[in-house]
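What follows is the residue order along each chain.
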Amino acid sequence: SQKIEQNSEALNIQEGKTATLTCNYTNYSPAYLQWYRQDPGRGPVFLLLIRENEKEKRKERLKVTFDTTLKQSLFHITASQPADSATYLCARPLSGNTPLVFGKGTRLSVIA
Amino acid sequence: DVKVTQSSRYLVKRTGEKVFLECVQDMDHENMFWYRQDPGLGLRLIYFSYDVKMKEKGDIPEGYSVSREKKERFSLILESASTNQTSMYLCASSFWQGLGGYSPLHFGNGTRLTVT
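**Examining the side chain of Gln25 of chain B**
Residue and element names in this part refer to chain B. Examined against the element boundaries, Gln25 turns out to sit in strand E3 (residues 19–25). On the basis of relative accessible area, Gln25 is assigned to the buried category, the value being 2%. Within the local environment of Gln25, its side chain forms a polar contact with the backbone oxygen of His29, the two atoms lying 2.8 Å apart.

The structure is reproduced here in structure tokens:
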């Protein structure tokens, strides 16, 4: 059964706009969620971690939220640039402190 | 920076061959993982290891085995390669943070394996 879902396979956005990617999970809320970036032909690279008791986390132009009521995490890139084009993956531990389960990813294209 | 190195970027093997995929990390991480990534299916965990000589099955271990004889090295073995094992294989490492769970994963750049 699906434990973590990224609803959009692909998202196109104009340069300068804010990109918002969604990650939904089922069952109980994990202790934390992680977001990764993956470029073609490369392994994923860690971006941000947010814990269940944190509503929001920021890093430069990136912002992640964690809503345990909606069972959802949102990933925002403000002032998006063509260099932000990549696939973004969310991940959670399946239970307790087990290894991460990944969503299928959202491929973001920022158009100049 | 943590470096996770996978020995081959591209590999072509024949059905029935025994295939070894090697992964080495340089940061003394105790945890190492093998995932495969396929279009439409995302990343799926094959095996992982908490320590030397220890291994745990992930979600899709069938047709695979692993070896961890040294802390820095984690090998994935395809006992008899089949065409449905054509995929991108990704190795990752992390350390244990106690109550914080696993540290974020550090991935290698993958081995794209084609079985013909």
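Here the narrative resumes.
**Some details on the pairing of strand E9 (residues 86–93) of chain A**
All names here are of chain A. Summarising burial for E9: eight of the eight residues are buried, a large majority. Side chains Ala86, Tyr88, Cys90 and Arg92 project from E9 onto one buried face, and the interleaved Thr87, Leu89, Ala91 and Pro93 project onto a second face that is buried too. Summarising the sheet, strand E4 (residues 32–38) and E9 pair through five bridges and their orientation is antiparallel. Paired with Gln34 across the strands is Ala91, a residue of E9. Pairing geometry for E9 and strand E11 (residues 106–111), over three bridges, is antiparallel. Note on E11: the bridge partner recorded for Thr87 is Arg107.

**Remarks on the sheet that holds E3 of chain B**
Adjacent strands of a sheet form backbone hydrogen bonds with each other and so pair up, either parallel or antiparallel. Residues and elements named next belong to chain B. Strand order in the open sheet formed by four strands is E1-E3-E8-E7, and the pairing between neighbours is antiparallel. Only two strands of the sheet have a single partner each, and these edge strands are strand E1 (4–6) and strand E7 (64–70). Each neighbouring strand pair of the sheet contributes to a mean axis angle of 20 degrees, computed without reference to strand direction. Relative to E3, E1 runs antiparallel, the two sharing three bridges. Paired with Val4 across the bridge in E3 is Gln25.

What counts, and at which threshold
Residues numbered from 1 in each chain as written. Chains lettered and ligands numbered in written order. Predicted model: local features only at pLDDT ≥ 70, side-chain atom pairs only at ≥ 80, totals over all residues. Heavy atoms only, no water. Helix = DSSP H or I, 4+ residues; strand = E, 2+ residues; numbered from the N terminus. Buried < 20%, exposed > 50% of the residue type's maximum accessible area, 1.4 Å probe, protein only. Polar contact = N/O pair within 3.5 Å; in protein donor to acceptor, adjacent residues only side chain to side chain. Pairing = 2+ DSSP bridges. Axes fitted to C-alpha atoms, helices over the stretch in contact; angles between N-to-C directions.

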